[in-house]
Structures are given as structure tokens and as C-alpha cells.
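# Tertiary structure, described
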Amino acid sequence: TPVQATLSSLKMLDVGKWPIFSLCSEEELQLIRQACVFGSAGNEVLYTTVNDEIFVLGTNCCGCLGLGDVQSTIEPRRLDSLSGKKIASFSYGSGPHIVLATTEGEVFTWGHNAYSQLGNGTTNHGLVPCQISTNLSNKQVIEVACGSYHSLVLTSDGEVFAWGYNNSGQVGSGSTVNQPIPRRVTGCLQNKVVVTIACGQMCCMAVVDTGEVYVWGYNGNGQLGLGSSGNQPTPCRVAALQGIRVQRVACGYAHTLVLTDEGQVYAWGANSYGQLGTGNKSNQSYPTPITVEKDRIIEIAACHSTHTSAAKTQGGHVYMWGQCRGQSVILPHLTHFSCTDDVFACFATPAVSWRLLSVEPDDHLTVAESLKREFDNPDTADLKFLVDGKYIYAHKVLLKIRCEHFRSSLEDNEDDIVEMSEFSYPVYRAFLEYLYTDSISLSPEEAVGLLDLATFYRENRLKKLCQQTIKQGICEENAIALLSAAVKYDAQDLEEFCFRFCINHLTVVTQTSGFAEMDHDLLKNFISKASRVGAFKN
């Protein structure tokens, strides 16, 4: 089943700190492989499952869930139009609009489109994902980024394309006219190979393979790092970073962070919430080195819709600064988190993802997972049990390790077939499977047979599991039969449970066939005990 596939091949994605995921069941959460929380209040989410299905949930502002309507949904709905597509990169704007790149390099957009930010040549909101191929048809897109109302993509050959709102030059075309379809950003970037991109509210950043940073767009808070506050309609190199090799860039609403190849962080731009981490609230129009701790920084985080910053050190420490739950934290503050994503889940306003949350496939199987796979495997087994004419395959060494009964019975036994007539096939198979998995999966009636076996083999933990299963399946019709079994196998906890159930449903239970056929001694004891607890009082 899908859940088993998740447990055996993936680490589970931890989304527990994002409030919107409380709308999902535990079973649904176990299947999530990638996720992004977005929207003006963090009230929308898109996630992918281990089965490569895409689901959406939330308020659906401007049709940003891509379902073909603007109806909100409190339950996850599958986005069938993207079924089977694997997401390589995902970003969102303020409308919100969505830009998604698949692992095949395709680009899909939908949602808010008042400024042509979907890149489809119109200004109509997109209610369903639409593939954008104009000027991108022969390109493989590997990364996407959104500002408030503009979009940016990076191709595998290091080219950058932009479209959408352009009031401050954020499309990089040299003008301030909105750009309805993808246009390659050239100028200083013409012969450069871009390796990563980011967008602030109304600005863009591109890091090239030499470690230089190029910027364009709105600069009213100094977020371009050029030492001025004038807008920049075409790409311009951040000269103040001369000789410094930048690896990553992250943009907040109006501030910028970069990470160098030596693990140093520089920040510039708006600072009214302390989001630069400089110890004050003064804007900076030049890159300023930020001291987080002596340890090397390996990750920086910011998001165009928040004024929050975060960083992770090589030692695993996570720091945050800027706007944090209404407070202004002006210096990097050590958190108890293990990842920067949790900073945004718990402290950003709105609580939105700064990147696509994801968990990598993990092909390594634990010892327990490996053993589970080997149960009833004829290829590796050295012992088979013949029960009701059917074989169950097992491994002598594991049975001897896991069960006292087998430790003695298989000690000098050279046989590779053991015939079993005392117990039924479903019961004995469940017992052997328990030795491999530590769990049972049986109906309450079959669990009674397994309880008999557990009592016979003195397997106390298995006995408890059987009792739990039986309790979950008790009803008025089978209550007397289960009470009988509990007495027979000396399962005192279960006996008390079944007795209480019978007393609480006495009128119906006493009219069942089970009660009519009840063993004489058991009936006497039942009536006696029932009278002691006041079942027959007028």
C-alpha cells in the first residue's frame, strides 16, 4: 500500500509546525513528499505525494489552487491536470500567482494575473495550470522565482527569462512596461551563465557561475546593494562584492541576503524590523557582513512576502532575525529548530514557506524494514511451515532469536518442513509475521485464535496486541464469545473489558445466540458478578 511504500523508501516530511496541515489526516501526512504553504495569510498549500499525485487545500484566492474554480476547500483536492508531473521548483506571488517547473523542464502557471505575471499573454486570472512555452519551447527550466506580481525562471543553459509587472524595471527589459510573455533578460547577463535566482517584492537577483551577483528592479530601500536608492531597469553587478564568490541569494520583501563560498553572510536593503541582523534598524544600501556565530553558515532563508531572515550553521544551529511574531529581532537569535523552514512556520508573518519543502528518497532500509520484507520469502527462507495445506516461509535463525519456543524446538532440528495442525493458517501466519514485524493485522475473531496461540507459546506482548485488537472489534453480537475466550485464555484485562461491555449492553446481549449457548459455569459466574455490580437492581 502507499503508506508502506512511504515508510520503506522515504523519510517522512515533517509539516507538523504548519497550522494548515492540521486539516490533513495522519494517513495523508505520511504520504507527503513535497509541500509549499503560501497565500496572503498562509492559508493555501500545495503538496505532492509519494505516488506523484499533487493535492491542494485552502482558501483558493484568485483560483490559485488551480482547480478550475474559486471555491475554498477544507479537504485536500487532487490537482488532476498535473497528475504524474514531478515538481523541480515552485514559487508564488502576492496575488497569489503560481509558477511551477517540472523535472522535465516544463513551466506551468496559474492564479492571479492582473499584471500578466502568468506569462500567457493575457491579464485574465488562470483557474487551471497552463503550460508556458512562448520563448521557452526548446529550453529546460530548472528554477523559478516570483516577486509580488512578476515571474523569473532559470534554464539549464544558464539563461534567465522574466515577465509580469514591471513598474520598477523588475522584468529587466530596460523599460517600465509590463511584460505579458517570457522575455530573456540580457544586458550584462548576455554572456553570463546564471546558476541561481531570487526575487524580492519588486526586484530580481541572479548569481552567475563566477560568484558575481547581478540585480535589477526596485531599489527604494537599497535592496539592490548598489549604494543608491534608484531603480535599475536592467541587470547591474553588485560591485561592492568584488572578489567575493557568492553561492546563494535569498530575498525578503525588501531586503537581500547572500551566502559566500566561505560560509559568510552579507545583507542589505530594508531594515525596519531588524531583518538585516546588523543590531540596528537602519537600512543599508551596501552589502554588510553579518555575524551569526563562529561556525560556518551553510544555508540562508528569506521570502518576498515576509521581513524575516534565517540561517543554518554547519553544526546544525538555526538562527532567526527580523520580524518574528510581531517583535523586531535585530541580531541573529539562536532557535531550538533543526531547519530554517520551521522559523517561517512559527515566526514569519504570514507563515509561508520560503522554499518548496521536500524530503529526499532514502533507499537505505533499516534492519527492521529489511526483516519485514523477508517474511514469507521462499527465495531466502530455510524453513517452511505446512498449515492447512499451504506453506509459510521463514528463517530458522530469526525465529530462534525472536521466540523462546522456537529456540528450543529448532535447536537440533534438521528438517526444513514443519507440519502444524494445532492452529489455523491465518492464525499461524499472523504469528510468524508478528515475529518479523512486531505487529498484527487480524479480525477480532481471528485474533481470538492468535490469543490462544500466544497463551500456548507464552508470548505476553503478542497476547496484549491480541487483546487490543479484540477490544476494538467487540459488538453486542460477539461480546459473549469474546468474554468466553478471555476467560479460557486467562486474559484478565480483556475479560474485565468484555464483562463491562456486556453489562452496559445487557438487554441486547442477553438476547443473542451467544448468550443462549453460553457455558453453564461461565453463565453462573457472569450472573453472580453482574449482580455484584448492581446490574439487576430495580
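Residues numbered from 1 in each chain as written. Predicted model: local features only at pLDDT ≥ 70, side-chain atom pairs only at ≥ 80, totals over all residues. Heavy atoms only, no water.

### Considerations on helix α8 (residues 444-456)
Working note: α-helix, 3.6 residues per turn, so residues spaced by three or four point in the same direction. Note the following rule: Per the convention used, a helix needs a DSSP run of H or I reaching at least four residues, while a strand needs a run of E reaching at least two, with both numbered from the N terminus. Here, expected helix span is obtained from the residue count minus one, scaled by 1.5 Å. We call a residue buried when its accessible area falls under 20% of the maximum for its residue type, exposed when it is over 50%, and partly exposed in between, using a 1.4 Å probe and counting protein chains only. Contacts were defined at the residue level, with two residues in contact if any of their heavy atoms lie within 4.5 Å.
If you check α8, its first and last C-alpha atoms are 18 Å apart, about what 13 residues at 1.5 Å a residue would give, namely 18 Å. Turning to α8, its buried residues number three or more, namely P444, A447, V448, L450, L451, L453 and A454. Buried residues along α8 sit in contact with α7 (425-437), α9 (460-472), α10 (479-488) and α11 (492-504). Trailing α8 by a residue or two, R458 shows a phi angle of about 55 degrees, which is positive.

### Overview of the packing of aromatic side chains
We count it as follows: Ring pairs are drawn from Phe, Tyr and Trp, using the six-membered ring of Trp, whenever the two centres fall within 6.5 Å, and their geometry is named by plane angle: stacked under 30 degrees, edge-to-face over 60, tilted for the rest. Any Lys NZ or Arg CZ that is within 6 Å of a ring centre and within 35 degrees of that ring's normal is treated as a charge sitting over the ring.
Summed over all chains, the structure comprises 22 aromatic pairs. Look at Y428 and F431: their rings are 5.7 Å apart centre to centre, the planes differ by 65 degrees, and that puts the pair in the edge-to-face class. Of the two residues, Y428 and F431 are both situated in helix α7; the distance of 3 residues between them amounts to about one turn of the helix. Here Y428 and F431 have matching classes, each one buried. Taken together, the ring pairs in this structure connect F385, F406, F423, Y428, F431, F456 and Y457 into an aromatic cluster. Taking NZ or CZ as reference, K384 lies 4.6 Å from the ring centre of Y391, over its face. The residue whose ring lies beneath R402 is Y434, and the NZ or CZ to ring-centre distance is 5.9 Å.

### As for the nonpolar core
The nonpolar side chains of a soluble globular protein tend to be buried, and buried together. Stated formally: We define the nonpolar core as a collection of buried residues of types Ala, Val, Leu, Ile, Met, Phe, Trp, Tyr and Cys that are connected through side-chain atoms lying within 4.5 Å of one another.
Ranked by size, the top nonpolar core spans 61 residues in total, and within it F21, L46 and F90 carry the most contacts. If you look at the next biggest cluster of nonpolar residues, it comprises 58 residues, including M420, L465, A485 and C502.

### Quick word on the confidence of the model for the chain
Put simply, the test is: The quantity called pLDDT is the predictor's confidence in a given residue, expressed from 0 to 100.
Predicted confidence across the chain gives a mean pLDDT of 92, with 97% of residues reaching 70 or more. A low-confidence stretch, residues 1-10 stays under pLDDT 50, and its non-local contacts, those more than four residues away or across chains, total 22 contacts.

### Describing the sheet that holds strand β12 (residues 179-184)
Using the following cut-off: The criterion for strand pairing is that DSSP finds at least two bridges linking the strands in question. The axes are straight lines fitted to the C-alpha atoms, using for helices just the contacting stretch, and the angles between their N-to-C directions are given from 0 to 180°.
Judged by pairing direction, the sheet is antiparallel, and its 4 strands sit side by side in the order β9-β10-β11-β12 without closing on themselves. Both edges of this open sheet fall to β9 (141-146) and β12, since each of them pairs with a single strand only. Here the average twist between neighbouring strands, direction ignored, is 15 degrees. Across 5 bridges, strand β10 (residues 150-155) lies against strand β11 (residues 160-164) in antiparallel orientation. What sits directly across from L152, in β11, is A162.

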